[in-house]
Amino acid sequence: VYFSMPKVLNDEEKEAFENVEYLLNGMINDRSVPRNIKRIAQRSINELHREDETPGILASNVMYMVDDLSQDPNIPFHSRTTIYRIISILEKIKD
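In what follows, the accompanying structure is described. (Residues numbered from 1 in each chain as written. Predicted model: local features only at pLDDT ≥ 70, side-chain atom pairs only at ≥ 80, totals over all residues. Heavy atoms only, no water.)

**Looking at the overall build of the protein**
Helix and strand counts for the protein stand at four helices and zero strands. Whereas a compact globule of 95 residues would reach a radius of gyration of roughly 12 Å, the protein reaches 13 Å, a difference of no more than 12%. Considering only C-alpha atoms, the protein reaches an extent of 45 × 30 × 20 Å along its principal axes. Classification of the 95 residues of the protein by burial places 39% in the buried group. Pairs at least 24 residues apart make up 65% of the contacts formed inside the protein by residues separated by at least 6 positions. The centroid of the 12 positive side-chain charges in the protein is displaced by 9 Å from the centroid of its 16 negative side-chain charges. (Helix = DSSP H or I, 4+ residues; strand = E, 2+ residues; numbered from the N terminus. Rg over C-alpha atoms; globule rule 2.2 N^0.38 Å. Buried < 20%, exposed > 50% of the residue type's maximum accessible area, 1.4 Å probe, protein only. Contact = heavy atoms within 4.5 Å. Lys, Arg positive; Asp, Glu negative; His and termini not counted. Charge placed at Lys NZ, Arg CZ, Asp CG, Glu CD.)

Set out below in structure tokens:
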């Protein structure tokens, strides 16, 4: 039997996830961002909304996903800066 704890975010985690989602949506709506990067940004947003993991694990998963993007040679410079902002927000979330 698989039992999962409901995800309860404290105010700090909730604000962090909302900020990250806002930044990711900005990348998705940016015409200069390639489609493959938008796909991963959308996947990252979906990950933030999962309810079967703890906030620390979700933050870690999203950091891993967007860190890969920062290595992509096709990413616009301003989007790379956004990714570093996302990582610095998520680094503060621990279980």
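**Remarks on the environment of asparagine 25**
Positionally, asparagine 25 belongs in helix H1 (residues 11–28). Judged by relative accessible area, which is 29%, asparagine 25 ranks as partly exposed. For asparagine 25 and alanine 41, which are 16 residues apart along the polypeptide, the C-alpha to C-alpha distance reads 7.5 Å.

**With respect to the environment of glycine 26**
Along the chain, the position of glycine 26 falls in helix H1. Judged by its relative accessible area of 40%, glycine 26 falls in the partly exposed class. Separated by twelve residues in sequence, glycine 26 and lysine 38 place their C-alpha atoms 9.8 Å apart.

**Quick look at H1**
In this model H1 runs 26 Å from its N-terminal to its C-terminal C-alpha over 18 residues, within 8% of the 26 Å that 1.5 Å per residue would give. Along H1, the residues classified as buried are Glu13, Ala16, Phe17, Val20, Leu23, Leu24, Met27 and Ile28. Along H1, the residues classed as buried sweep out an arc of 145 degrees about the axis, all on the same side. For H1, exposure combined with an orientation more than 90 degrees from the buried face picks out Asp11 and Tyr22. Its buried side turned inward, H1 meets helix H2 (35–48), helix H3 (55–70) and helix H4 (77–90). (Expected span 1.5 Å × (residues − 1). Arc of directions from axis to C-beta.)

**Brief notes about the nonpolar core**
Ranked by internal contacts, the top residues of the largest apolar core, which has 24 residues, are Leu24, Val66 and Leu90. Counting only elements with at least two residues in this core, the list comes to H1, H2, H3 and H4. In terms of residue count, the dominant contributor to this core is H1 (seven residues). (Core = buried A, V, L, I, M, F, W, Y, C linked by side-chain atoms within 4.5 Å.)

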